[in-house]
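# Coordinate inspection notes
Listed below are the residues making up each chain.
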Amino acid sequence: MKDMFLQKEYFINTRKKFNSFLKKDSLVILHSNDEMPRNGDQFFKFRQNSNMLYLTGLKQEKTIFCFYPDHPDKKFQELVFIVKPDKKQETWEGHKYSIEEAHNISGVENIHYLLEFDSVMRELLLRAKYIYLYHNEYPKFNTDVPERNLRFSRELINNFPGLKTERLAPLLLELRLIKEKEEVELMKKACEITGSAFRRVLKTTRPKMIEYQIEAEISYEFRQLGAAGHAYAPIVASGKNACVLHYVSNDSVCKFGDLVLMDFGAEYRNYAADCSRTIPVNGKFTKRQKECYESVLRVFKKAKQLFVPGNTINIINNKVNKWMEDEMIILGLFSKIDVEYQEEKSPMFFNFYMHGASHFIGLDVHDPGAKDRIFEKGMVLTCEPGLYIEKEGIGIRIENDILVDDRPVDLMGNIPIEVEEIELLMKQ
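Attention here is on the structure that accompanies the text. (Residues numbered from 1 in each chain as written. Predicted model: local features only at pLDDT ≥ 70, side-chain atom pairs only at ≥ 80, totals over all residues. Heavy atoms only, no water.)

### Some remarks on the sheet that holds strand E15 (residues 380-383)
The sheet built from 3 strands is open, its strands ordered E15-E18-E19 with antiparallel pairing. Looking at strand neighbours, the two that pair on one side only are E15 and strand E19 (409-410), the edges of this open sheet. (Pairing = 2+ DSSP bridges. Helix = DSSP H or I, 4+ residues; strand = E, 2+ residues; numbered from the N terminus.)

### Section: unusual backbone geometry
Even without a glycine there, the phi angle at Asp25 is positive, about 60°. Mapped onto the fold, Asp25 is located in the loop between helix H1 (8-19) and strand E1 (26-31). Notably, Lys62 is not glycine yet its phi reads approximately 55°, a positive angle. Locating Lys62 in the fold gives a position in the loop between helix H2 (50-56) and strand E4 (64-67).

### Observations concerning the nonpolar core
Among the nonpolar cores identified, the biggest contains 113 residues, and Phe18 and Leu387 are the most heavily contacted of them. A per-element tally of this core places helix H8 (residues 181-204) first, with 10 residues. Core analysis: the next-biggest nonpolar cluster, separate from the first, contains 18 residues, Leu27, Leu79, Phe152 and Leu156 among them. (Core = buried A, V, L, I, M, F, W, Y, C linked by side-chain atoms within 4.5 Å. Buried < 20%, exposed > 50% of the residue type's maximum accessible area, 1.4 Å probe, protein only.)

### A word on the environment of Lys96
Counting through the fold element by element, Lys96 comes out in the loop between helix H3 (87-93) and helix H4 (99-106). Distance from Lys96 to Lys129, taken between C-alpha atoms, is 34 Å for residues 33 residues apart in sequence. The residues touching Lys96, leaving out its near neighbours within four places in the chain, are Gln60, Glu61, Pro85, Glu90 and Glu101. (Contact = heavy atoms within 4.5 Å.)

### Structural notes on helix H7 (residues 169-177)
Owing to its 3.6 residues per turn, the α-helix aligns residues three or four sequence positions apart on the same side. Buried residues of H7: Ala169, Leu171, Leu172, Leu175, Arg176 and Leu177, and no others. Elements that come into contact with the buried residues of H7 comprise H1, H2, strand E7 (130-133), strand E8 (165-167) and E15.

### Comments concerning the side chain of Asn400
Within the element layout of this structure, Asn400 appears in strand E18 (residues 400-403). Within the local environment of Asn400, its side chain forms a polar contact with the side chain of Asp410, the two groups lying 2.9 Å apart. Discounting residues that sit within four places of it in the chain, Asn400 has contacts with Asp274, Arg277, Phe300, Leu381, Thr382, Cys383, Asp410, Met412, Gly413 and Ile417. (Polar contact = N/O pair within 3.5 Å; in protein donor to acceptor, adjacent residues only side chain to side chain.)

### Quick look at the sheet that holds strand E13 (residues 271-272)
If you walk across this open sheet you meet the 3 strands as E9-E12-E13, and the pairing is antiparallel. In this open sheet, the two edge strands, each paired with only one partner strand, are strand E9 (229-230) and E13. Bridging between E9 and strand E12 (residues 266-268) involves 2 bridges; their strand directions are antiparallel. Bridge assignment links Gly229 to a residue of E12, and that residue is Glu267.

### Considerations on the pairing of strand E10 (residues 235-238)
Every second residue of E10 is oriented toward a common face, with Ile235 and Ala237 on one face and Val236 and Ser238 on the other, all of them buried. Across 4 bridges, E10 lies against strand E11 (residues 259-264) in antiparallel orientation. Residue pairing for E11: Val236 is matched across the bridge by Met262.

### As for the pattern of salt bridges
With the rule as written, the count across this model stands at 27 salt bridges. The shortest N-O distance in the salt bridge between Arg373 and Glu376 comes to 2.8 Å. The class for Arg373 is buried, based on a relative accessible area of 16%. Taking relative accessible area as the criterion, Glu376 reaches 35% and is therefore assigned partly exposed. A single network of salt bridges, built from pairs that share partners, joins Arg176, Lys179, Asp364 and Asp367. (Salt bridge = Lys/Arg side-chain N within 4 Å of Asp/Glu carboxyl O.)

If you want it as structure tokens, here you go:
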């Protein structure tokens, strides 16, 4: 498989698009992610802020990007501040960008060391009318730890109380929703690697394996094929564990006769894949398991046709909810009469299917984007109906990544999904 990188021209063009979203005489200040302490003198593996990656491609910690396209002096229009390389430090921590390297990656002409940031920033603040600052506004995410951009924003506003600040997150959200062809190619590669990992799982899964051994097979294939690793904490949930939506312990024994639900995806060149598959541990679905699986698969096949311009996540959710309700009646989970007398706020289907059918995906596995945002060509979303019957120990989710177009493009269309195909590959 060919290795793919985004070239500096891509980031130059991205910043040109970004400029059209800003008010005149605006300054953007964006920081990299923190290095997060793990234990002792160790950090968790560093992963760059997705917006820094999107605008510059720079993956290094302690990086600052300043963007002031209307500044009359060209050397102040785009600036990046990086750690000054130190040979002694690099002996312990590894290579740091040189000024030339940071330029070659990002296309930003004016690269400075961090020591210069405060003085340059003050000069920029003197002229700018509006200051765009970033804070993670993802509606379902809360953290007790204020990240670097938020800490900087608070400090800046405290020290310069008269500044006219603007929210950066909504602009980047809108800009990132529609993927360029280069981004789609990277996502296709992430999906391709994810599919290879699933095929490996089909060949290796056996009764008495521990869930983390299946996870290990996935991880091995990801790294062998050039992915950075998992785009998110993988779920490998057998039996009743599959009815816990965010189960990540992955430490139970996979028993003969059980299903195992896997929710996993490779991260390739910073772009995520997100796939869910459900397979029988012993390689053969029971009659009941097959009935339930094919109910979800029917809904999945209908739902993925809805990823066309003009629709929204809310529209898809409403249709999928109704289709899953119909399937549940067929499966005998409740009756039409039960539905007629159900409480509007507590529909019957919600006992067996309690999550949404889609979310945006890109640099983040849950890329920002509102449920009422109207689809446009170039957006990429997941399609993921599910069914969870805890009393029967059945949890099923089927999930692919779909590119919005006049005819939706299933980026995971080559990953096995049919009952017969799964059983055949597991038998081999």
